[in-house]
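# A structural walkthrough
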Amino acid sequence: MNIDGHLSRIKIAHIVPTFYPASYFGGPVFSVYGLCNALARRGDVDLRVLTTDSSGPSRMDRLPVMSFPVSQPHGYEIYYCRKSWGKEFSFQLLRQLLSMVRWADVVHLTGVYSFTTLPVLFLCRLTGKPVVWSPRGALQRWEGTTHRQLKAVWEAVCNRLLRPDRSVLHATSTAEGIESGVRISRARTEIVPNGVEIPPLPVVRSWMPGGEIRLLYLGRLHPKKGIESLIRGLGRYSESARLTICGSGAPGYEADLRTLVGELGLQDHVQFAGHVTGEGKWEAFRKADVCIIPSYTENFGMVVAESLAHGVPVIVNQGLPWDGVANRDCGLVVPNDAASLAMAIDRVRRLDLSRMGQNGRRWMEEQFSWGRVAVRMHGVYRALTDQN
């Protein structure tokens, strides 16, 4: 607040290892981008993004950056630093870090087990700058989680760097907040969900219950996503269902999935469409009757919100933070074992998918628009700056 009693503008530095349009890195890229756009549209913040030009896992995977910084139409600047090696490491970003932290009123850090995490937390501690930290699900665990002991040591160091009165742990769901708060105890947890863009619907969906159903999986190909259970479930019930798998991952794992499809004799029922983004993602939703998200764990599950925003009902694992799809009558919530998914596929064929899709889209419009999310996140920033 300034001397006239008016609320002053807040300078926010978003520091994230990878940023839009680096769609290879999945949901967090889109959610951070959506949040930055929505915050900038408010008109009462000065926003900068410090990131790398990484677009993929190898050293040569880089975004075509023509200037430094890049000015966005929404009114903020993105500092794409040149990747030095590996998936995201950048010496240039480290050199820019101190000046960016000093400039900001609030530093918003995204990511946990990244090269940016410890330097950002250290500099915020050194300069006394408040920090909002978004793990984006990295602090959650599932049975396939690796390097647990090393991660515990990393988290202990992070805790030591945090000042409890100047640190907020941002979770996108209650479940993520509870689990993440156990590991990062020296920060106040705030729940602010992701938002979703509400796209135009060119046609009203029509569906005849009992017909052939077009199923969609859209996301990263990774063991924690439960894709094997989905394929096996389809194998138990494939007479009137087809599955399109949109996404990419480690070549060996994708090969294993293709082998499983062959072993189950599902070549005519499963299509691997590869990584999709932009118009390709829109087209995937347009051609789908139901989107299935069988993940073992998700901090939010951006694809659930995107699917519902496109008017596509969902089938989600009961371990995800989306129990509301059943209450809102826009999908099914089931265990992610093969038998349960097979029964869900059979059941959803007989439901009014057009009405369910309309219910889901209305829910996203009412509660998950980016404008609403930006208001809540701005409140988190304001509460931290008011402590000065």
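Described in the following lines is the structure provided in the data block. As the structure is a prediction and not an experimental result, all values here were calculated from the model. (Residues numbered from 1 in each chain as written. Predicted model: local features only at pLDDT ≥ 70, side-chain atom pairs only at ≥ 80, totals over all residues. Heavy atoms only, no water.)

## Digging into the pairing of strand β1 (residues 10-15)
With respect to burial, β1 is a largely interior element, 5 of its 6 residues being buried. Where β1 lies against strand β2 (residues 45-52), 6 bridges are found, and the strand directions are parallel. Counterpart to Ala13 in the pairing with β2 is Arg48. Handedness of the β1-helix α1 (residues 27-42)-β2 crossover: right-handed. Where β1 lies against strand β5 (residues 106-110), 4 bridges are found, and the strand directions are parallel. The partner of Ala13 across the bridge, within β5, is Val107. (Buried < 20%, exposed > 50% of the residue type's maximum accessible area, 1.4 Å probe, protein only. Helix = DSSP H or I, 4+ residues; strand = E, 2+ residues; numbered from the N terminus. Pairing = 2+ DSSP bridges. Right-handed = clockwise from strand over helix to strand, strands pointing away.)

## A closer look at the environment of Met343
If you trace the backbone, Met343 turns up in helix α11 (residues 338-348). Here Met343 falls in the exposed class, since its relative accessible area comes to 57%. Residues Met343 and Gly280, 63 residues apart in the sequence, show an inter-C-alpha distance of 29 Å.

## Some words on helix α9 (residues 302-309)
A large share of α9 lies buried, amounting to 8 of its 8 residues. For α9, every residue scored as buried is listed here: Met302, Val303, Val304, Ala305, Glu306, Ser307, Leu308 and Ala309.

## Thoughts on unusual backbone geometry
With an omega of 10°, the peptide bond running from Tyr20 to Pro21 counts as cis. Tracing the backbone shows Pro21 in the loop between β1 and α1. The omega torsion of the bond from Phe68 to Pro69 falls at 0°, within 30 degrees of zero and hence cis. Here Pro69 lies in the loop between β2 and β3 (70-71).

## Topic: the nonpolar core
Membership of the largest hydrophobic core comes to 60 residues, with the highest contact counts inside it found for Phe19, Tyr76, Leu308, Trp322, Val325, Met364 and Tyr381. Apart from residues no more than four positions distant in its own chain, Phe19 is found in contact with Val29, Val32, Tyr33, Cys36, Val49, Thr51, Leu63, Tyr76, Ile78 and Tyr80. Counting residues in hydrophobic clusters, the runner-up holds 31 residues, among them Tyr217, Tyr253, Val270 and Leu341. (Core = buried A, V, L, I, M, F, W, Y, C linked by side-chain atoms within 4.5 Å. Contact = heavy atoms within 4.5 Å.)

## Focus on the packing of aromatic side chains
Overall, the coordinates contain 15 aromatic pairs when judged by the stated rule. Between Phe300 and Trp322 the ring centres are 5.3 Å apart and the planes differ by 65°, which places this aromatic pair in the edge-to-face class. Remark: Trp322 occurs in the loop between β13 (314-317) and α10 (324-327) and Phe300 occurs in the loop between β12 (290-293) and α9; sequence separation between them is 22 residues. The same class applies to Phe300 and to Trp322, which are both buried. Judged by centre distance (5.7 Å) and plane angle (85°), the rings of Trp363 and Phe368 are edge-to-face. For the pair shown, Trp363 and Phe368 are each scored as buried. Cluster of aromatic residues (ring-pair linked, three or more members): Phe19, Tyr20, Phe30 and Tyr33. A cation sits over an aromatic face here: Lys281 above Phe30, 4.2 Å from the ring centre. (Phe/Tyr/Trp six-rings, centres within 6.5 Å; stacked < 30°, edge-to-face > 60°. Lys NZ or Arg CZ within 6 Å of the ring centre and 35° of its normal.)

## A short note on the pattern of salt bridges
Pairing between side chains becomes possible if they bear opposite charge and their charged atoms approach one another. Summed over all chains, the structure comprises 20 salt bridges. Between Arg350 and Asp346 there is a salt bridge whose closest N-O contact spans 2.7 Å. Its relative accessible area of 24% is what places Asp346 among the partly exposed residues. Several salt bridges share partner residues, and in doing so they unite Glu283, Arg286 and Lys287 into one network. (Salt bridge = Lys/Arg side-chain N within 4 Å of Asp/Glu carboxyl O.)

## A short note on the side chain of Ser31
Looking at where Ser31 falls in the secondary structure, it is placed in helix α1. A relative accessible area of 1% places Ser31 in the buried class. Setting aside residues up to four positions removed in sequence, Ser31 forms contacts with Arg136, Asn194, Met302 and Trp370.

## Some remarks on the sheet that holds strand β7 (residues 167-171)
The 8 strands lie next to each other as β3-β4-β2-β1-β5-β6-β7-β8, forming an open sheet whose pairing is mixed. Either end of the sheet is taken by a strand with one partner, and the two such strands are β3 and β8 (188-191).

## Re the layout of surface pockets
Its volume calculated, the second largest pocket comes out at about 500 Å³. Contributing elements (two or more residues each) for the lining of the second largest pocket: α1, α8 (279-286) and α9. For the lining of the second largest pocket, the element with the highest residue contribution is α1, accounting for 5 residues. Per-class residue counts for the lining of the second largest pocket are 9 nonpolar, 5 polar and 4 charged. (1 Å grid on protein atoms, 1.4 Å probe; cavity = no way out; pocket = protein on both sides within 12 Å on 5 of 7 lines; lining within 4 Å. Points joined across faces, edges and corners; volume = space filled by probe spheres on them. Nonpolar A, V, L, I, M, F, W, Y, C, P; charged D, E, K, R; others polar.)

## With respect to the packing of helix α2 (residues 91-103) against helix α3 (residues 117-127)
Running from N to C, α2 and α3 point in directions that differ by 35°, and their axes come no closer than 10 Å. The handedness of the crossing between α2 and α3 is right-handed. In this structure, α2 contributes Leu94, Leu97, Leu98 and Val101 to the contact, and α3 contributes Pro119, Val120, Leu123, Cys124 and Thr127. Taken together, the residues of the contact of α2 with α3 break down into 8 nonpolar, 1 polar and no charged. (Axes fitted to C-alpha atoms, helices over the stretch in contact; angles between N-to-C directions. Left-handed = near helix turned anticlockwise from the far one by under 90°.)

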